Amino acid sequence: MTKKLLINAFNMNSVGHINHGLWAHPRDQSHKYKTLDYWTSLAKTLDRGLFDGIFLADIVGVYDVYQRSADLTLRESIQLPVNDPLLLISAMAAVTQHLGFGVTVNVNGEPPYLFARRMSTLDHLTGGRLGWNIVTGYLDSAARAVGQDAQSEHDSRYERADEYLEVLYKLWEGSWSDEAVLLDKEGRRYADPNRVRPVMHDGLYYKATGYHLAEPSPQRTPVLYQAGTSGRGKEFAAKHAECVFITAVDKAAARKTARAIREGAVSAGRNADDVKIFVGITVITGATRSAAQDLYRDYLSYANPEAGLAHFSAGTGIDLSRFGLDEPISYGTSNSIQSVTQLAQEKRWTKRQLLEELKIGGRYPLIVGDGDSVASEMISWMDEGEIDGFNLTRTVVPESYEDFVNHVVPRLQERGRYKTAYSDGTLRKKLFGAGDRLPDRHFARSFAI
């Protein structure tokens, strides 16, 4: 069977996300992010385009590394202000039937006991369409905001996250049996006490004793997303992740990373196809190649590469404003996003080169063309890069997603590389074509009741 592309809309509950400066475009509506209509309208567009999901990024903290200040961040709305992404999901779920929701939540945000209930609630309300993007944080500004001096060391954050996941698995998979809910009105028995048990966890970072507050949701454990591709991040992904979001500058790099992630999953006792690999990508498309190029030039006139540089500075932990345009930059080791730092080291980017790379404001591959040429390039990425799909960034909203749905989706469908209708079932079942729950070979299932 020909492999079909998976596509998520990559977005954030903020004015600016990845492609910076475009909020100033006259047609851009991202400043309406505070309204439900903005999000429900977007959800309907994505559902019409048969998107697999909307992937909602989030940060806790601000970008204040560049120029040692948040001034540019505030002027260009570089992911500031940013609202809670979780609160958007119920509204978007209410106006769609199939669209999935991958939401980013930092494991340091709240105790696992409370977080488990929040996610189970959303999995119930969406009918099993929920995914969780697991992040451990990387901004010192976020640590300072909650009373810490700085972020803990990179690998130790993953150690803590491993234990956080173990507590969650015990709650989601091991507190209520599938037969616990009786809903027996005549016998006045809603749940069978013999089929519900408290979780007991006494670990290095977390202690928890109590029943999971929510009855089993359609997926129990939401679909597990993860974006870390450092050495420790890949180890974490091999054990936990079902969908991994990678950054790749070309198809060869995507292929290398995808193979490493799948090999890690097999080493952890899972199947290679238990993990779906997504690459971040930006698409500017139109009815013709000429129209797409015109749109690109139009967008470029509003984009702010320096804002992209400020975002990149936060990712590496290095104040790039200190360097001359052609001065060699020593990236060294970092406690920030190791994949970003490693990429910068490999490319040996100067500040001038970074500004060129970030000229549309983002750090993901850019495809500009009509629907047919964009479809060809995306298929090439999937086949040569050995990936499963894309996180499609926004440029000018809502038109960038509308243009993709109108021009690219039909061309992908004509080639048999994109679905023509949604399949039934939960997000996990749609993505993997199997059951609603995690397979028994996943580590989480060792805690099942």
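The structure reproduced in this document is the subject of the present report.

What follows covers the overall build of the protein chain. In terms of regular secondary structure, the protein chain is built from 15 helices and 13 strands. What you see for the protein chain is a C-alpha radius of gyration of 22 Å, in line with the 22 Å of a compact globule of 449 residues. Principal-axis analysis of the C-alpha atoms gives the protein chain an extent of 70 × 50 × 45 Å. Taken over 449 residues, the protein chain has a buried fraction of 57%. Expressed as a percentage of contacts within the protein chain between residues at least 6 apart in sequence, the contacts between residues at least 24 apart total 78%.

With that out of the way, let us pick up helix α7 (residues 231–240). Each α-helix turn comprises 3.6 residues. Residues three or four places apart therefore point the same way. Taken residue by residue, α7 has Arg 232, Gly 233, Phe 236, Ala 237, Ala 238 and His 240 as its buried positions. In this fold, the buried residues of α7 make contact with β4 (130–135), α6 (154–174), β9 (223–226), β10 (243–246) and α8 (251–267).

Here the structure, examined in full by the defined rule, presents 30 salt bridges. Ionic pairing is found between Glu 173 and Arg 445, a salt bridge with its closest N-O pair at 2.7 Å. On the criterion of sequence distance, the pair formed by Glu 173 in helix α6 and Arg 445 in the segment after α15 (427–432) is long-range, its members being 272 residues apart. Since its relative accessible area comes to 1%, Glu 173 is described here as buried.

Right, let's talk about the packing of aromatic side chains for a bit. Applying the stated criterion across every chain, the model contains 18 aromatic pairs. Seen in terms of ring centroids, Tyr 38 and Trp 39 are 5.0 Å apart; in terms of plane orientation they differ by 85°. Their pairing is edge-to-face. For the pair Phe 312 and Trp 349, a centre-to-centre distance of 6.1 Å together with 70° between the ring planes defines the contact as edge-to-face. Placement of Phe 312 in helix α10 (residues 305–316) and of Trp 349 in the loop between α11 (338–347) and α12 (351–357) is noted, with a sequence separation of 37 residues between them. No difference in accessibility class separates Phe 312 from Trp 349, as the two residues are buried.

This next bit is on the nonpolar core. Grouped together as the largest cluster of nonpolar side chains are 81 residues, with contacts concentrated most on Trp 39, Phe 51, Ile 54, Trp 132, Met 378 and Phe 404. The element that contributes the greatest number of residues to this core is α6, accounting for nine residues. With residues near it in sequence (within four places) discarded, Met 378 still touches Leu 5, Ile 7, Ile 367, Phe 390, Phe 404 and Val 408. Phe 245, Ala 307, Tyr 331 and Tyr 364 belong to the second-largest nonpolar core, a separate cluster that totals 35 residues.

Another aspect to go through is unusual backbone geometry. For the bond from Leu 80 to Pro 81, the omega torsion is 0°, close enough to zero to count as cis. Tracing the backbone through its elements, the reader meets Pro 81 in the loop between α2 (71–75) and α3 (89–94). The peptide bond linking Val 397 to Pro 398 adopts the cis configuration, its omega dihedral lying at 5°. One can find Pro 398 in the loop between β13 (389–392) and α14 (399–414). At Gln 67, a position not held by glycine, the phi torsion is positive, near 60°. Note that Gln 67 resides in the loop between β2 (53–57) and α2. At Glu 386, a position not held by glycine, the phi torsion is positive, near 55°. As for its position among the elements, Glu 386 is in the loop between α13 (371–385) and β13.

Let us now look at helix α1 (residues 36–48). With 13 residues, α1 extends 18 Å from end C-alpha to end C-alpha; this agrees with the ideal 18 Å at 1.5 Å per step. What α1 keeps buried is the set Tyr 38, Trp 39, Thr 40, Leu 42, Ala 43, Thr 45, Leu 46 and Asp 47. On the buried face of α1, the contacting elements are β1 (6–12), β2, α3 and α14.

Along the chain, Glu 110 falls in the loop between β3 (100–106) and α4 (112–125). Within polar-contact distance, the side chain of Glu 110 engages the side chain of Arg 118 at 3.0 Å. Among residues more than four places away in sequence, those in contact with Glu 110 are Phe 115, Arg 118 and Tyr 164.

Turning next to the pairing of strand β11 (residues 276–286). Most of β11 is tucked away: eleven of the eleven residues are buried. Across four bridges, β10 lies against β11 in parallel orientation. In the sheet register, Phe 245 faces β11, and the bridge partner there is Phe 278. Looking at chain direction, β11 and β13 are connected through four bridges and run parallel. Each bridged residue has a counterpart across the sheet, and for Phe 278 the counterpart in β13 is Gly 389. Relative to strand β12 (residues 366–370), β11 runs parallel, the two sharing five bridges. Residue Gly 286 lies in a different strand from β12, and its bridge partner there is Asp 370.

Take the side chain of Thr 282 next. As for its position among the elements, Thr 282 is in strand β11. With relative accessibility at 1%, the residue Thr 282 sits in the buried group.

The rules behind these values
- In every chain, residue numbers begin from 1 and rise along the written sequence.
- It should be noted that, the model being predicted, local features are given only for residues of pLDDT at least 70 and side-chain atom pairs only at 80 or more, the latter also being counted only at that level, while totals for whole chains, interfaces and linings use all residues.
- To obtain the side-chain values, all non-hydrogen atoms of the structure were included, while hydrogens and water were left out.
- Secondary structure elements follow DSSP: runs of H or I of four or more residues count as helices, runs of E of two or more count as strands, with numbering from the N terminus.
- Radius of gyration here is computed from C-alpha atoms only, and the compact-globule reference equals 2.2 Å multiplied by the residue count raised to the power 0.38.
- Relative accessibility decides the category of a residue: with a 1.4 Å probe and only protein chains considered, values under 20% of the type maximum give buried, values over 50% give exposed, and everything between is partly exposed.
- Between two residues, a contact is recorded if the distance between any of their heavy atoms is within 4.5 Å.
- The working definition used for a salt bridge is a side-chain nitrogen of Lys or Arg within 4 Å of a carboxyl oxygen of Asp or Glu.
- The rule is short: rings of Phe, Tyr and Trp, with Trp giving its six-membered ring, pair when the centres are within 6.5 Å, and they are stacked under 30 degrees, edge-to-face over 60, tilted in between.
- Here, nonpolar core refers to any group of buried Ala, Val, Leu, Ile, Met, Phe, Trp, Tyr and Cys residues whose side-chain atoms link them within 4.5 Å.
- Expected span, for any helix, means 1.5 Å times one less than how many residues it has.
- Side-chain atoms alone can form a polar contact between residues adjacent in sequence; in general such a contact is a pair of N or O atoms within 3.5 Å, and within protein one must be able to donate a hydrogen while the other accepts it.
- By this definition, two strands are paired if DSSP reports at least two bridges between them.

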